[in-house]
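Survey of secondary and tertiary structure
Residues per chain are reported as follows:
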Amino acid sequence: MIRVIVVDDHQVVRKGIIAYLQTDEEIDVIGEASSGNDGAELILKEKPDVVLMDLMMEDGTGVDATKRILKSDPSIKIIILTSYYDDEQVFPAIEAGAFSYLLKTSSATDILAAIKKAAMGENVIEPKVAGKMLSSFRTEEKKLHDDLTEREREVLLCIGNGMTNQEISEKLYIGIKTVKTHVSNILSKLEVQDRTQAAVYVHKQQLMKE
């Protein structure tokens, strides 16, 4: 049996979910709560296998409850079940340790399936939410120097080698004014204040090895 607790401040939603779950012989709903704080206390006391957790509740949010629960018992699988999938809700919940993330538009069978998968260690992320996460990861993976032109990268490596504008001009066969323009663009794109910081950036990102 999979022991489940449902936490949601909307009574109709909570009761409806529980009623459906109780029709499955593999599920044992051992408790319910209408707020994050009450839910956290109940969960830490009863130690369920899986929790269905709403996000936005008046007395303690789902994120706060998730943090509190997992800090005490990381083995509990918490499935966020909410109407929200904007960045301000999704990422804090995932960062708090939520195991799965579903929207309330999910079908009852999908919710049941997610519970069973969670019990087996398999997480489920709503496609809309997964898309946001993937987009965010791609943004984070992009480096500031990725926006540099090929010539700007060459100038940056010269800066990393401690070369002066005159030396860069002679090495790359470009005018001093052009070098200064490239340097100005590089500082702006790397969000640094001066050449020294640009040189530090080169070595931190190990660009000399590329």
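Shown above is the structure to which this text applies.
Starting afresh in each chain, residues are numbered from 1 along the sequence in its written order. With pLDDT at 70 or above as the cut-off, local features in this predicted model cover only qualifying residues; side-chain atom pairs require 80 or more to be listed or tallied, and sums for whole chains, interfaces and linings still use all residues. Here the side-chain values reflect all heavy atoms present in the structure, with hydrogen atoms and water set aside.

**Side note on the overall build of the chain**
Where we set the bar: Numbering of helices and strands runs from the N terminus; a helix is a DSSP stretch of H or I covering at least four residues, while a strand is a stretch of E covering at least two. The size measure is the radius of gyration over C-alpha atoms, and the globule rule it meets is 2.2 Å times the number of residues to the 0.38 power. Burial classes follow relative accessibility: with a 1.4 Å probe on protein chains only, a residue under 20% of its type's maximum area counts as buried, one over 50% as exposed, and anything between as partly exposed. Whether two residues are in contact is decided by their heavy atoms: any pair within 4.5 Å suffices. Exposure was quantified through the Shrake-Rupley algorithm and a 1.4 Å probe, taking into account, for residues, occlusion by the shown protein chains and nothing else. In this count, Lys and Arg are taken as positive residues and Asp and Glu as negative ones, while His and the chain termini are left out. A single reference atom marks each charge: NZ on Lys, CZ on Arg, CG on Asp, CD on Glu.
In terms of regular secondary structure, the chain is built from 10 helices and 5 strands. Against the compact-globule benchmark of 17 Å for 210 residues, the chain has a radius of gyration of 26 Å, which places it well outside the compact range. Summarising its shape, the C-alpha atoms of the chain cover approximately 80 × 30 × 30 Å along the three principal directions. Per-residue burial for the chain yields a buried fraction of 42% across its 210 residues. Contacts in the chain between residues at least 24 apart in sequence constitute 64% of all its contacts with a sequence separation of at least 6. In the form shown here, the chain has an accessible surface area of approximately 11,600 Å², with 49% of it arising from carbon and sulfur atoms. Taking the average place of the 26 positive charges on the side chains of the chain and the average place of its 35 negative ones, the gap between the two points comes to 6 Å.

**Observations regarding the environment of isoleucine 125**
Among the structural elements, isoleucine 125 can be located in the loop between α5 (108-119) and α6 (127-141). You can call isoleucine 125 partly exposed: its relative accessible area is 24%. Each C-alpha atom, one on isoleucine 125 and one on leucine 103, is 9.2 Å from the other, the two residues being 22 residues apart in sequence.

**Thoughts on the packing of aromatic side chains**
So the rule is basically this: Classification of ring pairs rests on two measures: the distance between centres of Phe, Tyr or Trp rings, Trp counted by its six-membered ring, which must be within 6.5 Å, and the angle between planes, read as stacked under 30 degrees, edge-to-face over 60 and tilted in between. Charges are assigned to positions over rings by a cutoff of 6 Å between ring centre and Lys NZ or Arg CZ, combined with an angular limit of 35 degrees from the ring normal.
In this structure the tally under the stated criterion is 0 aromatic pairs. Taking the ring centre of phenylalanine 99 as reference, the NZ or CZ of lysine 77 above it sits at 5.5 Å.

**Focus: unusual backbone geometry**
Residues other than glycine predominantly adopt negative phi, and peptide bonds predominantly adopt the trans conformation. At tyrosine 173, a residue that is not glycine, the phi angle is positive and equals roughly 55°. Checked against the element boundaries, tyrosine 173 lands in the loop between α8 (165-172) and α9 (176-190). Of the residues examined, tyrosine 173 reaches a relative accessible area of 74% and is grouped as exposed. In this structure, glutamate 191 is a non-glycine residue whose phi angle is positive, near 60°.

**Examining the pairing of strand β3 (residues 50-53)**
Note the following rule: Seen with its strands pointing away from the viewer, a crossover is right-handed when the path leading from the first strand over the helix to the second is clockwise.
Here β3 shows a buried face lined by Val50 and Leu52 and a second buried face lined by Val51 and Met53. Viewed along the sheet, the connection from β3 through helix α3 (residues 62-72) into strand β4 (residues 77-82) turns out right-handed.

**Here we look at the side chain of serine 35**
Examined against the element boundaries, serine 35 turns out to sit in the loop between β2 (27-33) and α2 (36-46). Residues contacting serine 35, with those up to four places away along its chain left out, are Val7, Met57, Asp59 and Gly60.

**With respect to the pairing of β4**
What counts here: For two strands to be treated as a pair, DSSP must find no fewer than two bridges joining them.
Within β4, 5 of the 6 residues are buried, which leaves the element mostly enclosed by the surrounding structure. Taken together, the 4 bridges between β3 and β4 define a ladder with parallel strand orientation. Looking at the pairing, methionine 53 lines up with isoleucine 80 of β4.

**What to know about the side chain of asparagine 165**
Let me state the cut-off plainly: Under this definition, polar contacts are N or O atom pairs within 3.5 Å; protein pairs additionally need one hydrogen-donor-capable and one acceptor-capable atom, and for neighbouring residues in sequence, both atoms have to be side-chain atoms.
Topologically, asparagine 165 is positioned in helix α8. At 2.5 Å, the side chain of asparagine 165 and the side chain of arginine 195 are in polar contact. Every residue in contact with asparagine 165, bar those within four places of it in the chain, is listed here: Ile176, Val179, Lys180, Val183 and Arg195.

**Considering the pattern of salt bridges**
We apply this condition: For this document, the term salt bridge refers to a Lys or Arg side-chain nitrogen within 4 Å of an Asp or Glu carboxyl oxygen.
By the definition in use, this model includes 9 salt bridges. Residue glutamate 32 pairs with arginine 14 through a salt bridge whose shortest N-O separation is 2.7 Å. Highlighted residues: glutamate 32 in strand β2 and arginine 14 in helix α1 (residues 11-21), separated in sequence by 18 residues. Using a relative accessible area of 30% as the deciding quantity, one classes glutamate 32 as partly exposed.

What is shown is where atoms sit, not what they do.
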